[in-house]
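Given next are the chains, with one letter for each unit.
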Amino acid sequence: MVMSFKPYSLALYELAKDKDQVPYYMEQLKKLSDIWKENEDFLKALRHPKITRREKKEWISQLFESELDPLLYRYLLVMVEHDQIGYIPEIYEAFIEVYKEDQNIESVLIESACPLSEDQIRQIKTVIEKKLKKNIEVRTNVVPELIAGVRVRTKDFVLDNSMLSRISNLKEKLENAY
């Protein structure tokens, strides 16, 4: 079963946006996500179906009531009621996606055979931003197997202008010719 955390993240995002404090709530949610990830036993307990909502609310109250912004604290209590309190890391990831959609930001991975200069990255970024009509968040990765050239991965497509791709295409053409 695939769970969607977008409705839960969207609810918090809209509240944060109404208060004009999206970065603050994003940071706070990240801290909570890190706490959940770093404490595996706590995470398992929050996800355990035999531990009552009442007990989980008591834990959240003891740990976070005086530490968190009241809105975020109430949000955690609502997540307990919806049996989502054990999924704060996933809700955080969905929050980031909602933020990127709202801000028209797309993450792009640029892979190259050797490290690219800042100028090369900027040029590729400009081309992709024009093509997608979005703001681009760039990550880079060196993949020596590409031999030369670059491969750009977006959410919807892959643009492969690497030597490896050209060799593979040539090999395929030769195999199909006979």
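Reading the values: rules and limits
Residues numbered from 1 in each chain as written. Predicted model: local features only at pLDDT ≥ 70, side-chain atom pairs only at ≥ 80, totals over all residues. Heavy atoms only, no water. Phe/Tyr/Trp six-rings, centres within 6.5 Å; stacked < 30°, edge-to-face > 60°. Helix = DSSP H or I, 4+ residues; strand = E, 2+ residues; numbered from the N terminus. Buried < 20%, exposed > 50% of the residue type's maximum accessible area, 1.4 Å probe, protein only. Lys NZ or Arg CZ within 6 Å of the ring centre and 35° of its normal. Polar contact = N/O pair within 3.5 Å; in protein donor to acceptor, adjacent residues only side chain to side chain. Contact = heavy atoms within 4.5 Å.

Caption draft 1: Region of interest: the packing of aromatic side chains. For the structure on display, the rule yields 6 aromatic pairs. Measuring from ring centre to ring centre gives 6.5 Å for Tyr 13 and Tyr 99, while their planes differ by 65°; the resulting arrangement is edge-to-face. Of the two residues, Tyr 13 is situated in helix H1 (residues 6-18) and Tyr 99 in helix H6 (residues 88-102); the sequence distance between them amounts to 86 residues. Exposure remark for Tyr 99: the relative accessible area of 26% places this residue in the partly exposed category. Judged by centre distance (5.1 Å) and plane angle (80°), the rings of Tyr 24 and Tyr 25 are edge-to-face. According to the relative accessible area criterion, Tyr 24 is partly exposed, its value standing at 33%. Clustering of aromatic rings is evident, with ring pairs tying together Tyr 13, Phe 95 and Tyr 99. Directly above the ring of Phe 157 sits Lys 131, whose terminal nitrogen or CZ lies 5.6 Å from the centroid.

Caption draft 2: Broad picture of the side chain of Ser 9. Note on placement: Ser 9 falls in helix H1. For Ser 9, a relative accessible area of 0% puts it in the buried group. There is a polar contact of 2.9 Å between the side chain of Ser 9 and the backbone oxygen of Lys 6. Contact partners of Ser 9, with chain neighbours within four places excluded, come to Tyr 75, Ile 91, Ala 94, Phe 95 and Val 98.

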